[in-house]
Amino acid sequence: LIAALHELNELWPRYLRDLERPRAASDAEPSKAPPVQQRPLINPSEFINAKLAAKLIRQLQDALTVSSGALPAWCRQLSVECGFVLPFEARRLLFYGTSFGLARALQTLQQQIQHAGGASNSSGGSARADELRLGRIQRQKVRISRQRLFDSAMKVMELYGRSRAILETEFFGEVGTGLGPTLEFYTLASRELMRRDFDLWRDAGPSASSTVSAPKTDDSQSQDLTRPPGDGLFPKLVRKPDHERLERFRFAGTLVAKALLDGRLLDLPLSPTFFKLLLGAPLDWQRDLAAVEPALAATLGRMADFCRRRRSLLSDKSLVTGAIFGSPA
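Remember, predicted model here, so these are calculated numbers, not experimental data.

Here we look at the overall build of the protein
- The helix and strand tally for the protein stands at 14 helices and 2 strands.
- Taken over 329 residues, the protein has a buried fraction of 33%.
- Within the protein, counting contacts between residues at least 6 apart in sequence, those at least 24 apart form 67% of the total.
- Total accessible area on the protein stands at roughly 20600 Å², and carbon and sulfur atoms take up 57% of it.

Right under this line is the structure:
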């Protein structure tokens, strides 16, 4: 029931349009109909259940339960069927505690306890954190060339993308090492994937007010970044993708997976509709297409309204067909 209420709260503009269209087809022109607001009726935070979230977090903080894989079935089922009742932090903790193996799960648990212990040293939290030191995950250091950043990044992901070790990067000719250069590598690799000359994503074209330049690439020239027409990056449709395009998307997938595994951030604003396609989730063509290509969605919406109006006129027995289309009676 709560899942149905949440869906109704999210998709109510679509249901309202479906109810209003038969009346609008006979009363007024579709173009004169007032626009419907797309915001949910109820703030999504109102669906979050703090008690369920606290119970889930307590389950994930039990080292024996996590290490033995004895997490109750309701934890995963709740996150899959009704994930909106859990806050993001609880879902993130469940994801890292169940998706990447025992070593990553224990590391996540140790980080949570250390964070809690640092906030309350006087309560003995640090002592519990010391009890859970089970060893560090292996780290893999690589060196990247700034002059050939994209080629170097593709080679690194090809060699170490499937590795369970934490990836750390350095740049040739620079003394920096550790977390700083690693985060910079993920940011620069994300920007490289957004290069306009790669032609990977739907692009609204250059804009004088919002054009952003990427760092220098292997050709030593500044490249413009793709400016998506909607709410994020969505793959550009091509009739027959070539091998180079497929390899770049394969690299993008490996980069995202490695960033998730190591807990890194990417400067890659992918469209929520793209995530829905990857997950096999159902799509609402009006809402999701409008998020990817607003102009195309508006045109198709007007065409759909015209078709509905035409069917309504043809089904009206009181009207004469010849008078409508100008043909002799």
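Re the packing of aromatic side chains
- According to the stated counting rule, one finds 10 aromatic pairs in the structure shown.
- Taken together, Trp201, Phe234, Phe249 and Phe274 form an aromatic cluster joined through their ring pairs.
- Lying across the ring of phenylalanine 171, arginine 146 places its NZ or CZ 4.0 Å from the centre.
- It is arginine 248 that lies over the ring of phenylalanine 198; its NZ or CZ is 3.8 Å from the centre.

Re the packing of helix H8 (residues 149-160) against helix H10 (residues 243-262)
- Two elements in contact, H8 and H10, have axes whose closest approach is 10 Å; the angle formed by their N-to-C orientations is 65 degrees. Between H8 and H10 lies a crossing of left-handed hand. Of the residues in H10, those touching H8 at Phe150, Ala153, Met154, Met157 and Tyr160 are Glu247, Arg248, Phe251, Thr254, Leu255 and Lys258.
- For the contact of H8 with H10, a count of residues per class yields 7 nonpolar, 1 polar and 3 charged.

Describing unusual backbone geometry
- The backbone phi angle of aspartate 199 is positive, close to 60 degrees, even though this residue is not glycine.
- By secondary structure assignment, the location of aspartate 199 is in the loop between helix H9 (179-193) and H10.

Quick word on the environment of phenylalanine 100
- Checked against the element boundaries, phenylalanine 100 lands in the loop between helix H5 (88-98) and helix H6 (101-119).
- Assessed through its relative accessible area of 14%, phenylalanine 100 is described here as buried.
- In sequence terms phenylalanine 100 and leucine 261 are 161 residues apart; their C-alpha atoms lie 7.1 Å from each other.
- Phenylalanine 100 has contacts with Phe95, Arg164, Leu260 and Leu261, leaving out every residue within four places of it along the chain.

Brief notes about helix H13 (residues 294-315)
- The terminal C-alpha atoms of H13 lie 32 Å apart, and with 22 residues this matches the ideal 32 Å at 1.5 Å per residue to within 8%.
- Along H13, the residues classified as buried are Ala297, Gly301, Ala304 and Asp305. The arc enclosing the buried residues of H13, seen along the axis, measures out at 100 degrees, which places them on a common side. Of the exposed residues in H13, the ones pointing more than 90 degrees away from its buried face are Ala295, Arg302 and Phe306.

Details of the side chain of threonine 226
- Locating threonine 226 in the fold gives a position in the loop between H9 and H10.
- Threonine 226 sits in the buried class, given a relative accessible area of 7%.
- Look past the residues within four positions of threonine 226 in its chain and what remains in contact with it is Met194, Arg195, Arg196, Trp201, Arg202, Asp203 and Leu233.

Examining the pattern of salt bridges
- Scanning all chains against the criterion turns up 18 salt bridges.
- Measuring nitrogen to oxygen at the nearest pair gives 3.4 Å for the salt bridge that ties glutamate 170 to arginine 143. One end of the pair, glutamate 170, is in strand E2 (residues 166-171); the other, arginine 143, is in strand E1 (residues 139-144), with 27 residues separating them in the sequence.
- For glutamate 170, a relative accessible area of 16% translates into the label buried.

Structural notes on the confidence of the model for the protein
- Counting all residues, the mean pLDDT for the protein is 78, and 77% of those residues have values of 70 or more.
- Contacts of residues 28-37 to residues separated by more than four positions or lying in other chains number 10 contacts, the stretch itself having pLDDT below 50.
- Contacts of residues 208-222 to residues separated by more than four positions or lying in other chains number 27 contacts, the stretch itself having pLDDT below 50.

Definitions and cut-offs
Residues numbered from 1 in each chain as written. Predicted model: local features only at pLDDT ≥ 70, side-chain atom pairs only at ≥ 80, totals over all residues. Heavy atoms only, no water. Helix = DSSP H or I, 4+ residues; strand = E, 2+ residues; numbered from the N terminus. Buried < 20%, exposed > 50% of the residue type's maximum accessible area, 1.4 Å probe, protein only. Contact = heavy atoms within 4.5 Å. Areas by Shrake-Rupley, 256 points an atom, 1.4 Å probe, with all protein chains shown as cover. Phe/Tyr/Trp six-rings, centres within 6.5 Å; stacked < 30°, edge-to-face > 60°. Lys NZ or Arg CZ within 6 Å of the ring centre and 35° of its normal. Axes fitted to C-alpha atoms, helices over the stretch in contact; angles between N-to-C directions. Left-handed = near helix turned anticlockwise from the far one by under 90°. Nonpolar A, V, L, I, M, F, W, Y, C, P; charged D, E, K, R; others polar. Expected span 1.5 Å × (residues − 1). Arc of directions from axis to C-beta. Salt bridge = Lys/Arg side-chain N within 4 Å of Asp/Glu carboxyl O. pLDDT = per-residue confidence, 0-100.

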